[in-house]
Amino acid sequence: MKIAPSMLACDYVKMGEELRRVSEGGSDYIHLDVMDGCFVPNISFGPGVIKALRPISKVPFDVHLMIDRPHRYLREFADAGADMITFHIEAEDKVEETIAAIAALGIRPGLSVKPATPIEKVFPYLDKLFLVLVMTVEPGFGGQTFMEDMLPKVRAVKEEAARRGLEIQVQVDGGINETTAPLCAAAGADICVAGTSVFRAPDAAQMIRRLQQC
Ligand code: DX5
Ligand code: ZN
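All residue numbers here refer to positions counted from 1 along the written sequence of the relevant chain. Each chain takes a letter, starting from A, and each ligand takes a number, starting from 1, following the order in which they are written. With pLDDT at 70 or above as the cut-off, local features in this predicted model cover only qualifying residues; side-chain atom pairs require 80 or more to be listed or tallied, and sums for whole chains, interfaces and linings still use all residues. Water and hydrogen atoms were dropped before computing side-chain values, which therefore reflect all heavy atoms in the structure.

Engineer: Describe the environment of Glu178, with residues and values.
Structural biologist: For Glu178, the position within the fold is in the loop between strand 7 (169-173) and helix 6 (181-187). Residues Glu178 and Ser6, 172 residues apart in the sequence, show an inter-C-alpha distance of 16 Å. Contacts between residues were defined by any pair of non-hydrogen atoms, one from each residue, lying within 4.5 Å. For Glu178, the contacting residues outside a window of four places in its chain are Met207, Arg210 and Leu211. A run of H or I in DSSP becomes a helix once it reaches four residues, and a run of E becomes a strand once it reaches two; helices and strands are each numbered from the N terminus.

Pasting the structure below:
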């Protein structure tokens with residue numbers, strides 16, 4: 001299992017140090033949650049913060065955009081140093097164009113669904129995507145309870161991809177810890193985002209290793 005600690009759960013007073021801690025702790029990706037107060041009822045940070053963090057870590061930056069009409073801001077996140085950009089199908093009319101624009105910037109595109117959105121909505125785009133993000137909480141806040149009833153969506157993406165001979169990473173995000181990560185692994189997830197469980201652990205590196213073994 002690949003692990004992407006979510007910086008949303010870190011101590012913002014020492015964000016650079018926190019990033020160094022999880023990067024040296026063996027993270028596969030660094031997950032950066034961008035929230036605009038419109039698509040979700042919370043505001044986090046934007047490209048300026050991501051750009052400032054970029055020189056601190058060599059680990060790929062996985063940017064999760066929870067913003068309305070994300071196509072407007074792709075260049076800013078590319079310039080900030082994103083390696084992957086995932087946006088929400090519910091937030092964008094121009095899904096195909098947005099995926100193409102991300103790829104044209106040399107960035108791996110991801111597409112996400114909120115808990116109420118049927119997973120079949122992403123199927124028409126699977127051949128253009130690096131990853132599909134299945135939300136296992138309602139997006140907007142860290143520290144929520146994992147929704148186990150989202151796991152059939154993970155299985156459905158893996159099955160559809162296998163049927164069509166596509167390589168696709170399935171990422172899960174929200175409420176991932178040592179109890180829920182094995183359920184995600186069993187459903188076929190490739191990448192677990194983990195905020196609270198990693199940053200609140202007494203030893204973040206040890207928690208990353210434990211989750212990777214799931
Ligand atoms: C929620 C974010 C998540 C969040 C996960 O909207 O997309 O990435 O940081 O936090 P935990 O792991 O605490 O549920
Ligand atoms: Zn996220």
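Engineer: Please provide a residue-by-residue account of the pattern of salt bridges, values included.
Structural biologist: The working definition used for a salt bridge is a side-chain nitrogen of Lys or Arg within 4 Å of a carboxyl oxygen of Asp or Glu. Counted according to the given criterion, the structure contains 7 salt bridges. Its salt-bridge partner being Glu18, residue Arg21 comes within 2.9 Å of it at the nearest N-O pair. Placement of both Arg21 and Glu18 in helix 1 (residues 15-24) is noted, with a separation of 3 residues, approximately one turn of the helix. For every residue, the accessible area obtained with a 1.4 Å probe (protein chains only) is divided by the maximum for its type, and the residue is called buried under 20%, exposed over 50%, and partly exposed between those limits. When its relative accessible area of 31% is taken as the criterion, Arg21 is described as partly exposed. Residue classification places Glu18 among the buried residues on the basis of a relative accessible area of 7%. Across the salt bridge formed by Glu160 and Arg163, the nearest N and O atoms sit 3.0 Å from each other. Separated by 3 residues within a single helix, Glu160 and Arg163 lie in helix 5 (residues 151-163), roughly one turn from each other. For Glu160, a relative accessible area of 13% corresponds to the buried category. Judged by relative accessible area, which is 62%, Arg163 ranks as exposed. Salt bridges linked by common partners bring Glu160, Arg163 and Arg164 together as one network.

Engineer: Run through the coordination of the zinc ion (ligand 2), naming residues and quoting values.
Structural biologist: Put simply, the ideal angle at a metal is 109.5 degrees for four donors in tetrahedral geometry and 90 or 180 degrees for six donors in octahedral geometry. Here the term donor refers to an N, O or S atom within 2.8 Å of the metal (or 3.2 Å for Na, K and Ca), and because water is left out of the atoms, sites may appear incomplete. Listed as protein donors to the zinc ion (ligand 2) are His31 (NE2), Asp33 (OD), His64 (ND1) and Asp173 (OD); their distances from the metal cover 2.0 to 2.3 Å. The sequence pattern describing where the donors of the zinc ion (ligand 2) fall on their chain is H-x1-D-x30-H-x108-D. Of this pair, His64 sits in strand 3 (residues 61-66) while Asp173 sits in strand 7; the two residues are 109 residues apart in sequence, bridging distant segments of the chain.

Engineer: Talk me through unusual backbone geometry; I want residue IDs and the actual numbers.
Structural biologist: For Arg69, which is not glycine, the phi torsion reads 45° and is therefore positive. With respect to the helices and strands, the residue Arg69 is situated in the loop between strand 3 and helix 3 (74-80).

Engineer: So what's going on with the sheet that holds strand 8 (residues 191-194)? Residues and values would help.
Structural biologist: If DSSP finds at least two bridges between two strands, the strands pair. Read across the sheet, 8 strands follow the order 1-8-7-6-5-4-3-2 without closing on themselves; strand pairing throughout is parallel. Only two strands of the sheet have a single neighbouring strand rather than two, namely strand 1 (2-5) and strand 2 (30-35). Neighbouring strand axes in the sheet, compared pairwise and without regard to direction, differ in orientation by 25° on average. In the sheet, strand 4 (residues 84-88) pairs with strand 5 (residues 108-113) via 5 bridges, with the strands oriented parallel. Directly across from Met84, in strand 5, lies its bridge partner Arg108. Along the sheet, helix 5 makes contact with strand 5, strand 6 (131-135) and strand 7, crossing strand 7 at roughly 170°. Fitted lines through C-alpha atoms give the axes, limited to the stretch in contact for helices. The angle between two N-to-C directions lies from 0 to 180 degrees.

Engineer: Provide a residue-level description of the packing of aromatic side chains, including the pertinent values.
Structural biologist: Any pair of Phe, Tyr and Trp rings, taking the six-membered ring for Trp, is counted once the centres come within 6.5 Å. Such a pair is stacked with planes under 30 degrees apart, edge-to-face with planes over 60 apart, and tilted for the rest. With the rule as written, the count across this model stands at 1 aromatic pair. Judged by centre distance (6.4 Å) and plane angle (80°), the rings of Tyr12 and Phe45 are edge-to-face. One end of the pair, Tyr12, is in the loop between strand 1 and helix 1; the other, Phe45, is in the loop between strand 2 and helix 2 (47-53), and 33 residues separate them in sequence. On the accessibility criterion, Tyr12 (44% relative accessible area) is partly exposed. Distance and angle both matter: a charge sits over a ring if NZ of Lys or CZ of Arg is within 6 Å of the ring centre and within 35 degrees of the ring normal. For the cation-ring pair, Arg54 lies above Phe61, with the distance from its terminal atom to the ring centre recorded as 3.7 Å. Taking the ring centre of Phe39 as reference, the NZ or CZ of Lys114 above it sits at 5.0 Å.

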